[in-house]
Amino acid sequence: MGLADELATTADDGPTGVSMDVIHLFMWHIYILPMPRGYSKERTSVHRLHYHFIWCPKYRKSVLTGEAKDRLEALIQEKADELGLEVLALAVRPDHVHLFIEGNPKLAPNKIMQQVKGYSSRRMREEFDFGLPSLWTRSYFVSSAGDVSDETVEAYIEAQTGQ
């Protein structure tokens, strides 16, 4: 049995049923102990921001094949490197793109998309004739991904308001 399991079985539960010692252990672990694997450290912050983006070519045309697919993958990697972001996974399908990327707290998700889509559209349209008024639609999907559940964060915040 690990320390967290032991604390969970011996500590009093808070108002949400989550052990207060486990919540405090969790917070103590992030800020006092050495940084856990997977977290990035800046001068003034520790973060783990992972975003899943999905976007499509205009009219959802199947134009991202062959050389265009390979070039798009390279352009996305170039822009991510320029922005100081790490591409965790990338899947280019003929009619849409999935990008799983590690973000930075100084760069909002909408700015990441603006940079990636703008740069790739401009460069791709210089090199390929897609017969489209613009390469990408204006819309995109974004979702954050993380290790801590909503319930854990809510329980921690509720515990803090009771102190």
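One can find the structure itself at the top, above this paragraph.
Criteria and cut-off values
Residues numbered from 1 in each chain as written. Predicted model: local features only at pLDDT ≥ 70, side-chain atom pairs only at ≥ 80, totals over all residues. Heavy atoms only, no water. Core = buried A, V, L, I, M, F, W, Y, C linked by side-chain atoms within 4.5 Å. Buried < 20%, exposed > 50% of the residue type's maximum accessible area, 1.4 Å probe, protein only. Helix = DSSP H or I, 4+ residues; strand = E, 2+ residues; numbered from the N terminus. Contact = heavy atoms within 4.5 Å. Pairing = 2+ DSSP bridges. Axes fitted to C-alpha atoms, helices over the stretch in contact; angles between N-to-C directions. Salt bridge = Lys/Arg side-chain N within 4 Å of Asp/Glu carboxyl O. Phe/Tyr/Trp six-rings, centres within 6.5 Å; stacked < 30°, edge-to-face > 60°. Lys NZ or Arg CZ within 6 Å of the ring centre and 35° of its normal. Expected span 1.5 Å × (residues − 1).

So, the nonpolar core
Side chains that are nonpolar tend, in soluble globular proteins, to be buried together.
Link 1 in the chain: By size, the foremost hydrophobic cluster in this structure holds 26 residues, and its most contacted members are Phe-53, Trp-55, Leu-72, Val-97 and Ile-101.
Link 2 in the chain: Secondary structure elements with two or more residues in this core: strand E3 (50-55), helix H3 (66-83), strand E4 (86-93), strand E5 (96-102) and helix H4 (109-127).
Link 3 in the chain: Setting aside chain neighbours within four positions, we find Phe-53 in contact with Val-97, His-98, Leu-99, Ile-101, Pro-109, Ile-112, Met-113, Tyr-140, Phe-141 and Val-142.

Notes on the sheet that holds E3
Link 1 in the chain: Strand order in the open sheet formed by 4 strands is E4-E5-E3-E6, with antiparallel pairing between adjacent strands. Both outer strands of the open sheet, E4 and strand E6 (141-145), are each paired with one neighbouring strand and no more. For this sheet, the mean inter-axis angle between neighbouring strands, taken without regard to orientation, is 15 degrees.
Link 2 in the chain: Direction of pairing for E3 relative to E6: antiparallel, over a ladder of 5 bridges.

Here's the deal with the pattern of salt bridges
Link 1 in the chain: In the structure shown here, the tally under the stated rule is 6 salt bridges.
Link 2 in the chain: Glu-78 is the partner of Arg-71 in a salt bridge, and the nearest nitrogen-oxygen pair spans 3.7 Å.
Link 3 in the chain: Owing to a relative accessible area of 34%, Glu-78 belongs among the partly exposed residues under this scheme.
Link 4 in the chain: Shared partners join several salt bridges into a network, and the residues in it are Arg-71, Glu-78, Arg-123 and Glu-127.

Some details on the environment of Lys-61
Link 1 in the chain: Tracing the backbone through its elements, the reader meets Lys-61 in the loop between E3 and H3.
Link 2 in the chain: Looking at Lys-61, the relative accessible area reads 40%, which means it is partly exposed.
Link 3 in the chain: Separated by 35 residues in the primary sequence, Lys-61 and His-96 place their C-alpha atoms 8.7 Å from one another.

Details of the packing of aromatic side chains
Link 1 in the chain: Taken as a whole and judged by the stated rule, the model has 4 aromatic pairs.
Link 2 in the chain: Judged by centre distance (6.0 Å) and plane angle (50 degrees), the rings of Tyr-51 and Phe-53 are tilted.
Link 3 in the chain: Grouped by ring-pair contacts, the aromatic residues Tyr-51, Phe-53 and Tyr-140 constitute a single cluster.
Link 4 in the chain: Stacked on the ring of Tyr-59, the Lys or Arg Lys-58 has its end atom at 5.9 Å from the ring centre.

Points about H4
Link 1 in the chain: In this model, H4 (19 residues) spans 27 Å end to end at C-alpha, consistent with the 27 Å of a helix rising 1.5 Å per residue.
Link 2 in the chain: Where H4 is concerned, the buried positions are Ile-112, Met-113, Val-116, Lys-117, Tyr-119, Ser-120, Ser-121 and Met-124.
Link 3 in the chain: Buried residues along H4 sit against E3 and H3.

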